Amino acid sequence: MSERGTSSSTSPAVGRALDILLYLAGHSGLVRVAALARDLGIPPSSAYHILRVLEDRGFVTYVATEQAYGLGVASFEIGSAYLRHEPLERLARPILQSLSKRLGQTVHLGILHGAETVYLLKERPARVRSDEKEPSLITDIGVRLPAHLTANGRAILAHSTDAQIGALFPPPGNLITRTGKGPRSLTELLSLLSRDRERGWSEEVELVSKGFRSMGVAAFDHNARPIAALSSTWHRHYRRHDADYVWEVLQRGATQLTAAVSGRPPRRASD
């Protein structure tokens, strides 16, 4: 008997809970209990019970209007904890070094931790022209910022489901700002993320720090889920390149990182 079969036979509830989480992770949208129970071969009553336990602990979220489930905040936090380990950073570091050299700008690797962006790597250009000054940024390694304000965080959020985003930013209440700019409600944030998802990149202009602009592009895992994002920040009024060039360079880097982790990009609606 396989190890998986042994573990599921001695602790069927644990095995079924893990199967449910993996099943939800493999779907881009919400899932109804009837479909989940049918596909996994679990009695509906057992599926309901396990889902309620997972919901109580934040691993899944229930959307009453859809009568369906999606992954919750705790699932994202576990994924983020894994991605903070050295392998992702080791794979991303040479990519960031190349991007920073090509752009002559600071480049970051960031992930989500709950509703925050956490910066894992920061690469500065080796040399700055004598007539320029490297910007003093608050986005150092380990710094956390509200994900809905950063280009890095929004690049990841743009490829998350509405249910997952709703779990991270539950109503009621306005979303916080740093400079008085940015989305103020979940509805406004979802609209911005829909636009970002369609065009394939995110940006913020003076949402984190006045005078600065950032652009971010997501990298994906083998399930086409966003695992991290590459972003670059520069002076809004003293740019080296136009936005299209920055996007092109970041996109190439994100494609490299996706390939390095054996991932694949999601299919676009127009494909």
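Residues numbered from 1 in each chain as written. Predicted model: local features only at pLDDT ≥ 70, side-chain atom pairs only at ≥ 80, totals over all residues. Heavy atoms only, no water.

J.: Any details on the pairing of strand S6 (residues 202-205)? Residues and values, ideally.
T.: Relative to strand S7 (residues 212-220), S6 is paired through 4 bridges, and the arrangement is antiparallel. Bridge assignment links Val205 to a residue of S7, and that residue is Arg213. Linking S6 back to S7 in an antiparallel pair, the connection comprises 6 residues, with Glu206 at a positive phi of about 60°. (Pairing = 2+ DSSP bridges. Helix = DSSP H or I, 4+ residues; strand = E, 2+ residues; numbered from the N terminus.)

J.: Go over the sheet that holds strand S8 (residues 226-235) with me, naming the residues and quoting the values.
T.: Reading across the sheet, the 6 strands line up as S5-S4-S3-S8-S7-S6 and stay open at both edges, with antiparallel pairing between neighbours. A single partner strand is all that each edge strand has here, and the edge strands are strand S5 (144-146) and S6. Taken pair by pair, the neighbouring strands of this sheet meet at an average axis angle of 30°, ignoring direction. Along the sheet, helix H10 (residues 243-260) contacts strand S3 (106-113), S7 and S8; its crossing angle with S7, the most-contacted strand, is approximately 30°. (Axes fitted to C-alpha atoms, helices over the stretch in contact; angles between N-to-C directions. Contact = heavy atoms within 4.5 Å.)

J.: How would you explain helix H2 (residues 12-25) if you had to name every residue and give the values?
T.: Relative to the 20 Å expected for 14 residues at 1.5 Å per residue, H2 spans 20 Å between its end C-alpha atoms, a close match to the ideal helical length. Restricting attention to buried positions, one finds in H2 the residues Gly15, Ala17, Ile20, Leu21, Tyr23, Leu24 and Ala25. (Expected span 1.5 Å × (residues − 1). Buried < 20%, exposed > 50% of the residue type's maximum accessible area, 1.4 Å probe, protein only.)

Such coordinate-based values are descriptive only and should not be taken to indicate function.
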